[in-house]
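Descriptive structure summary
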Amino acid sequence: MDRAELTTEQVLKRDIPWETYMTTKLISGTGLQLLRRYDNRPESFRAQLLDDDGPAYVRVFVSILRDIFKEETVEYVLALIDEMLTANPKRARLFHDKLLWKGNWFIQEKSCKILALIVSARPKAQDGVVANGEASNSKKKFTTIDDVLIGLVEWLCTQLKKPSHPSHGIPIAINCLAALLKEPVVRSSFVQADGVKLLIPLISPASTQQSIQLLYETCLCVWLLSYYEPAIEYMATSRALPRLIDVVRSSTKEKVVRVVVLTFKNLLSKGTFGAQMVDLGLPQIVQSLKAQAWSDEDLLEALNQLEDGLKDNIKKLSSFDKYKQEVLLGHLDWSPMHKDPLFWRDNIKCFEENDFQILRVLITILDSSNDPRALAVACFDLSQFIQLHPAGRVIVTDLKAKERVMKLMNHESAEVTKNALLCIQRLFLGAKYASFLQA
């Protein structure tokens, strides 16, 4: 029979030679007694055994997974674990409470993986009823499961910070997070535990098979988090996007490229991500990726959709959105829009948004920036606003920009002094008399 078609019921009908395993010292005498008492018993009888001696049974099951490699036996024990947790998900606490923090590394690893796989695959509520028949508003049941998940997330974050095993701690944590981050309670507790920042350093181009798998699962975690607003807000203030772009630029592994591209698709419309993607050269990278021979049709479709989305962003960002992004990041330069009469004519009213937020930031740059180019551009843009907005002189004066600009008239940079002078002249003379001074 194809092993992929095996059912739990079929596996549990097997007769496992436990005595042989005891003879070869793969299980202990106590383990044999526990297994014989548990094996081939009705569900109600097994439930009582687990209530009375659950931690002992969990230790036996995990030790078998550690010491015995015969496929039929491993399948049998996993089926037993599947059955016990499906019948009562609260039993997952046995793995967390007794093994996850106290066992050796193998026990921690296996407990973590079993918890992640079983919980992530558990039946979801349908029409107000969960798999065991309890109403979905049964807070006691779901609180218990959520407690297990929150405890598991705490352990996973601990592994990312200070791994219990030097080479396996971080990979197993990422592997489990990739399975669990589809769970709402896992996403929220992971973000609350400041877990997102622990992922960022792992987003880095990889070369070996092991590091490629770790990179893929890390990017899978980021993709799952890209559906969750609090995580997106954190990523917006981190190095996540530049690192993802470095990965997709250099990676030849199709599954890595696919999950990163799907992440870009999710982030494209969020906050300033679209503008940053354009600034970081993603449109050109997408064109390069499209020219490669990918076999995955979903990836090709995602690349086309991302390219269309980036084109739309470029159209929008060629006007005030791109300008706003440049100002808010403090990265002022002589990009074409600053001296484009059409830009100022079409967007002069946009400067009124959020109580003249952009003007206030330009004035702050005059105080805080050490970059002569940024200072010069800020002075020029203020002079443009004074000249073209009907109340430009009054507004800029009320925002106390005059004193800041006048200080820059003695700046060591000729570029700064020239534009500071232009700004002051327009402020004092008004647009009618100072228009001829425009550089």
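Placed above this text is the structure.
These notes cover the structure that comes with them. The shown structure was predicted, so the numbers you read here are calculated from the model rather than taken from an experiment.

Thresholds, definitions, all that
- Residues numbered from 1 in each chain as written.
- Predicted model: local features only at pLDDT ≥ 70, side-chain atom pairs only at ≥ 80, totals over all residues.
- Heavy atoms only, no water.
- Helix = DSSP H or I, 4+ residues; strand = E, 2+ residues; numbered from the N terminus.
- Contact = heavy atoms within 4.5 Å.
- Areas by Shrake-Rupley, 256 points an atom, 1.4 Å probe, with all protein chains shown as cover.
- Axes fitted to C-alpha atoms, helices over the stretch in contact; angles between N-to-C directions.
- Parallel < 35°, antiparallel > 145°, perpendicular 65-115°, else oblique.
- Left-handed = near helix turned anticlockwise from the far one by under 90°.
- Nonpolar A, V, L, I, M, F, W, Y, C, P; charged D, E, K, R; others polar.
- Patch = residues over 30% accessible without salt bridge, like charges linked within 9 Å, V, L, I, M, F, W, Y side chains within 5 Å.
- Salt bridge = Lys/Arg side-chain N within 4 Å of Asp/Glu carboxyl O.
- Buried < 20%, exposed > 50% of the residue type's maximum accessible area, 1.4 Å probe, protein only.
- Polar contact = N/O pair within 3.5 Å; in protein donor to acceptor, adjacent residues only side chain to side chain.

**A look at the overall build of the protein**
- Scanning the protein for helices and strands turns up 26 helices and zero strands.
- A separation threshold of at least 6 residues defines the contact pool for the protein, and within that pool the share at least 24 residues apart is 65%.
- By element, 53% of the accessible surface of the protein is carried by carbon and sulfur atoms, the whole surface being about 21,900 Å².

**With respect to the packing of helix 9 (residues 169–180) against helix 12 (residues 209–225)**
- It is the contact of helix 9 with helix 12, at a shortest axis distance of 9 Å, that shows an interaxial angle of 40°. With respect to their mutual orientation, helix 9 and helix 12 come out oblique. Of the two possible hands of crossing, helix 9 and helix 12 adopt the one that is left-handed. Taking contact as the criterion, the partners of Ile 170, Pro 171, Ile 174, Asn 175, Leu 177 and Ala 178 in helix 9 are, on helix 12, Leu 214, Glu 217, Thr 218, Leu 220, Cys 221 and Leu 224.
- The class makeup of the residues in the contact of helix 9 with helix 12 is nine nonpolar, two polar and one charged.

**Re the packing of helix 12 against helix 15 (residues 254–267)**
- Between helix 12 and helix 15, the least distance of the axes is 9 Å, while the angle of their chain directions is 20°. In terms of axis orientation, helix 12 runs roughly parallel to helix 15. Relative to helix 15, the crossing made by helix 12 is left-handed. When helix 12 is examined against helix 15, the residues Ile 212, Gln 213, Leu 215, Tyr 216, Cys 219, Leu 220, Val 222 and Trp 223 are found in contact with a partner set consisting of Lys 255, Val 256, Arg 258, Val 259, Val 260, Leu 262, Thr 263 and Asn 266.

**So, the environment of Leu 34**
- Note on placement: Leu 34 falls in helix 3 (residues 29–38).
- Along the backbone, Leu 34 and Leu 49 are 15 residues apart, and their C-alpha atoms lie at a distance of 9.1 Å.

**Remarks on a nonpolar patch on the surface**
- A surface patch of nonpolar side chains, about 280 Å² in accessible area, is lined by Met 406, Phe 428 and Leu 429.
- On the secondary structure map, Met 406 appears in helix 24 (residues 401–407).

**Considerations on the side chain of Gln 387**
- Topologically, Gln 387 is positioned in helix 22 (residues 372–388).
- Classification of Gln 387 as buried rests on a relative accessible area of 17%.
- Only 3.2 Å separates the side chain of Gln 387 from the side chain of Arg 426, close enough to count as a polar contact.

**With respect to the pattern of salt bridges**
- Overall, the coordinates contain 16 salt bridges when judged by the stated rule.
- Close ionic contact of Asp 333 with Arg 373 constitutes a salt bridge, the shortest N to O distance being 3.0 Å. Pair noted here: Asp 333 is in the loop between helix 19 (320–329) and helix 20 (341–347) and Arg 373 is in helix 22, with a separation of 40 residues, a long-range link.
- Here Arg 373 falls in the partly exposed class, since its relative accessible area comes to 33%.
- Between Arg 345 and Asp 346 there is a salt bridge whose closest N-O contact spans 3.3 Å. Accessibility assignment for this pair places Arg 345 and Asp 346 in one class, exposed.
- The structure contains a network of salt bridges with shared partners spanning Glu 19, Arg 36 and Asp 39.

**Digging into unusual backbone geometry**
- The backbone of Asn 354 shows a phi angle near 50°, a positive value even though the residue is not glycine.
- Here Asn 354 is to be found in helix 21 (residues 353–368).
- The exposure class of Asn 354 is exposed, given its relative accessible area of 54%.
- Of note, Asp 355 is a non-glycine position whose phi angle comes to about 55°, a positive value.
- Residue position: Asp 355 is located in helix 21.

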